[in-house]
Amino acid sequence: MREGQASVIRREDYTAPAFWIDTVDLTFDLDPAKTRVLNKMTLRRNPDVAAQPLRLDGEELNLARVLVNGQGTSFKMDGNQLVLENLPAEGPIELEIFTTCNPAKNTKLMGLYVSNESFFTQCEAEGFRRITYFLDRPDVMASYSVTLRADKAKYPVLLSNGNLVEQGALEDGPNGPRHFAKWVDPHKKPCYLFALVAGQLVAREQRITSRAGREHLLQVYVRPGDLDKTEHAMNSLMASVAWDEARFGLSLDLERFMIVATSDFNMGAMENKGLNIFNTKYVLANQATATDADYANIESVVGHEYFHNWTGNRVTCRDWFQLSLKEGLTVFRDQEFSQDLAGDLSARAVKRIEDVRVLRTAQFPEDAGPMAHPVRPDSYIEINNFYTVTIYEKGAEVVRMTQTLVGRDGFAKGMARYFERHDGQAVTCDDFASAIADANPDSDLARLLPQFKRWYSQAGTPRVQASGSYDAGSRSYTLTLSQSCAPTPGQASKEPFVIPVNLGLITVDGRSLPLQLEGEAEAGPSSRTIVLTEASLTLRFVNIETEPVPSLLRGFSAPVVLACDYTDAQLLTLLAHDTDPFNRWEAGQRLGLKRALHFINSPAQPGEAKVLDAAYIEAMRQVLRHPTLDAAFKELVLTLPAETYIAEQLDVVDPQRVHAVREAMREQLALELLHDWQWAYETHHDSGGYRPDPVSTGRRSLTGMALTMLCLAARDTGDVVWPGKTYQRFKDAGNMTDRFNALNALVNSGHELAAPALERFHAQFKGEALVLDKWFALQAGTCDRGGQVLPAVRQLMAHPDFNLRNPNRARSLIFSYCSANPGAFHRPDAAGYVFWSERVMELDAINPQVAARLARALDRWKKLAEPYRSAAREAIARVAAKPDLSNDVREVVSHALAD
Ligand code: B3K
Ligand code: ZN
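Just so we're clear, the structure is a prediction, and the values are computed from it rather than from any experiment.

Calculation notes
Residues numbered from 1 in each chain as written. Chains lettered and ligands numbered in written order. Predicted model: local features only at pLDDT ≥ 70, side-chain atom pairs only at ≥ 80, totals over all residues. Heavy atoms only, no water. Pairing = 2+ DSSP bridges. Helix = DSSP H or I, 4+ residues; strand = E, 2+ residues; numbered from the N terminus. Contact = heavy atoms within 4.5 Å. Axes fitted to C-alpha atoms, helices over the stretch in contact; angles between N-to-C directions. Donors = N, O, S within 2.8 Å, 3.2 Å for Na, K, Ca; no water. Buried < 20%, exposed > 50% of the residue type's maximum accessible area, 1.4 Å probe, protein only. Phe/Tyr/Trp six-rings, centres within 6.5 Å; stacked < 30°, edge-to-face > 60°. Lys NZ or Arg CZ within 6 Å of the ring centre and 35° of its normal. Salt bridge = Lys/Arg side-chain N within 4 Å of Asp/Glu carboxyl O.

Participant: What's the story with the sheet that holds strand E19 (residues 215-222) in this structure? I'm lost.
Facilitator: Each strand in a sheet pairs with its neighbour through backbone hydrogen bonds, running either in the same direction (parallel) or in the opposite one (antiparallel). Spatially, the five strands line up as an open sheet ordered E18-E19-E20-E22-E21, and their pairing is mixed. Two strands close off the open sheet at either side, each with one partner strand: strand E18 (202-209) and strand E21 (269-270). Judged from the eight bridges that link them, E18 and E19 form a sheet pairing that is antiparallel. Its bridge partner being in E19, Thr 209 is matched across the sheet by Glu 215. Sitting on the sheet, helix H1 (residues 231-248) touches E18, E19 and strand E20 (256-262), and the angle it makes with E18 is about 25 degrees. With respect to the sheet, helix H2 (residues 292-307) is in contact with E20, E21 and strand E22 (275-279), its orientation differing from that of E22 by roughly 150 degrees.

In structure tokens form, the structure reads like this:
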């Protein structure tokens, strides 16, 4: 294997490091082709561990010199490790290591690399070893000082973690004047939080005073020319600082906090101490180039990385199996941040629905597929493959359940306890759960802690079956909840989970009933949380005046599949009256899903029979025309369940049939609500001057949906007015959201105006990389009518603006096709899978992390109907047969092929 022998790393094998590193003094002579790194460290033996040689990790480094306490020393190489066997038994050890590396050739974008003639680093999880030899593991925390030396003209800005303590001129080099900057980080940190940046950058700056009265300098660094796109990121950063102080009493612990944007980045952003490095996608925005979704993502990612400063950096992970300790918790925090900023109940619910949609369309399939793993995995081959929706999003749901079980104030107390105990330490998921429970000794969480922790150890999505019956004679309602969880790789059977089920009972005319369980003296509020801990639980509610409709799992109180045989009438009641907006939306989704599944399983063809009945259409009309519901919420209700979500409900999936049926549903909604869509457009299309607030964002999203539906309807009616209006709006729009929505409506309906619109869009934005990404993504993700998408994607690969080495561009074209367009990707002729296998192999030679993500696109191949199933297996086998695959891709494809 290319990276040496792929070995399985197991959580149970964890041992403390044999050495601690106390201080690290790094000096970089930055040169794209040959950067010199002098690493002076002080180490000492860990007295708790038996004496053993020092083994330092390194990768793609040229080693020039090793000195121990100033003297030359013997060393050996064992694979990628530098082994020092004769270190002094006692006292501090001064170790000096001199290496060089080649950042310009670093296409993996891990370690030190060059992007647009500037230097950037990415060290999490194991990139620091590509910069110097080190104990590259998160439980080794050291104090860093860093000196950067470089040509002044090409690299005027030199940044690293912490505080700038010195800067000045150096002797001229062959290319002219050189200079240096020295940075000292006052906080100890694991090496995965190290960062440096050098290049021609400019910054938006903001001085703030915290609640605690301390002054800080906030900076957002970008390339010259992009400063006009940094206001929103800076506002988001200021809001993040204020929120963490207000909600959790956590303040910024640095004089200076920097964000730097780069256009070549493997993921969204990175929380390096005091020097966050971001993908430009999550920094740059102005109304001309960014959509409402971009604005929301920037707010949440800026918040996420900032919140890591406490949850991740001050308290970090003992080992990478504990990744969700920081990621699940920090996602939970960024979700809460966005909800708190959104304000009212409806806007909060919109955010919650969006988050749950991600969980159900991405994490549930992961949990049911070959890469299923617990929130705290037991083993891995390549840790980069475990930055997953399970670790992040399901991990956040687990944290959310702890909050549900101890209450919001109890959770804040638990967080305080967590920092009291663990500030400055590298700890485990157990430590976190214990802190929350210990701070709330009388809570359900404290009572159930060992069982609750099964959420960390057991993979798979639990299924909760609910059934209820009303007895008019005794005026009681009996509700039975039972849970089960399907086997996942390596876990044949599961123990019951602790499942908080928030519920209420409503009458058919929409009243919420007070809840009184048998044995209780009086009725309580109309919503409460029941905790399911056994395989099955039966509840008896008394004094129930009339047969109720149960509203279960309100707010999606646990990451489970809730199976309940609701009648249409019950769902219509919930859709019209539930006080819980999440379940109101959910009722609409269930109505749509029922119809989709019924039709998919019937012999009918979409062209011959209608999928949707009058009652459903009428219910959707009521929502669309509703006098008080928010536009954003309406758009979510009117959006049909995603193809991937529908597919997850089926044992055997014919992706073309799923696509055809969902398209038929969309078309029917477009035609039968024609006047309502027109009304929605006319009444919402002016959202005022551009502001990315929830209300005007909602108006734009409903307007965009209306145009999509009107253009879709025009395909059948031959109408030319609405496509014409859409084109006009595309041309005249005052912001990217409206412009892009109009473009999408034309492209998605396959209208002949799509081609000129796409051409115009490209010409208008040819200098804007992030906008071009949208242009590629739209064409690769569009509705396939007759197999035109794949040839278009192949053609776009040859477009002068396409560049496989740039992860954003690769994702915008290739991932949009393979991972986000099932109707176009799953072709009966297998050409989509052939394309996928070619790209996985091609990308693997450049950037294994990105390749391994793409490799996940066929995770669920075993569920496919023939001929897709065999063709998919063949494509995966073709990738697996390639001899020099990276560990990253090999791990994914071998799991996929395993029995
Ligand atoms: N912690 C980083 C992710 C690093 C991924 C390394 N493969 C971003 C984040 O979650 O904030
Ligand atoms: Zn994170």
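Participant: It is not clear to me how the coordination of the zinc ion (ligand 2) should be interpreted in this structure. Could you clarify?
Facilitator: In an ideal tetrahedron of four donors about a metal, each angle is 109.5 degrees. In an ideal octahedron of six donors, the angles are 90 or 180 degrees. Each protein donor to the zinc ion (ligand 2) is listed here as His 304 (NE2), His 308 (NE2) and Glu 327 (OE); together their distances run 1.9 to 2.0 Å. Mapping the donors of the zinc ion (ligand 2) onto the primary sequence yields the spacing H-x3-H-x18-E. In this pair, His 308 is assigned in the loop between H2 and strand E23 (316-317) and Glu 327 in helix H3 (residues 323-342), connecting sequence segments 19 residues apart. Exposure remark for Glu 327: the relative accessible area of 1% places this residue in the buried category.

Participant: When you look at the packing of aromatic side chains in this model, what are you seeing that I'm missing?
Facilitator: For any two aromatic rings, the description comes down to two numbers: the centre-to-centre distance and the angle of the planes. One pass over the structure, following the stated rule, counts 38 aromatic pairs. Between the aromatic rings of Tyr 380 and Phe 386, the centroid separation amounts to 6.1 Å while the plane-to-plane angle is 45 degrees, which identifies the pairing as tilted. Considered together, Tyr 380 and Phe 386 belong to a single accessibility category, that of buried residues. Of the aromatic side chains, those joined through ring pairs into one cluster are Trp 243, Phe 248, Phe 257, Tyr 306, Phe 307, Phe 332, Phe 337 and Phe 411. Stacked on the ring of Trp 722, the Lys or Arg Lys 725 has its end atom at 4.2 Å from the ring centre.

Participant: Even after reading the chapter, I still don't get the pattern of salt bridges, so can you show me in this structure?
Facilitator: Two side chains carrying opposite charge are able to pair once their charged atoms lie near each other. On inspection of all chains with the given rule, the structure shows 69 salt bridges. The partner of Glu 327 in a salt bridge is Lys 326, and the shortest N-O contact between them spans 2.6 Å. As far as the burial class goes, Glu 327 and Lys 326 line up, both buried. Ionic pairing is found between Asp 613 and Arg 595, a salt bridge with its closest N-O pair at 2.4 Å. Of this pair, Asp 613 sits in the loop between helix H10 (581-600) and helix H11 (614-625) while Arg 595 sits in helix H10, and the two are 18 residues apart along the sequence. Judged by relative accessible area, Arg 595 falls into the buried class, the value being 9%.

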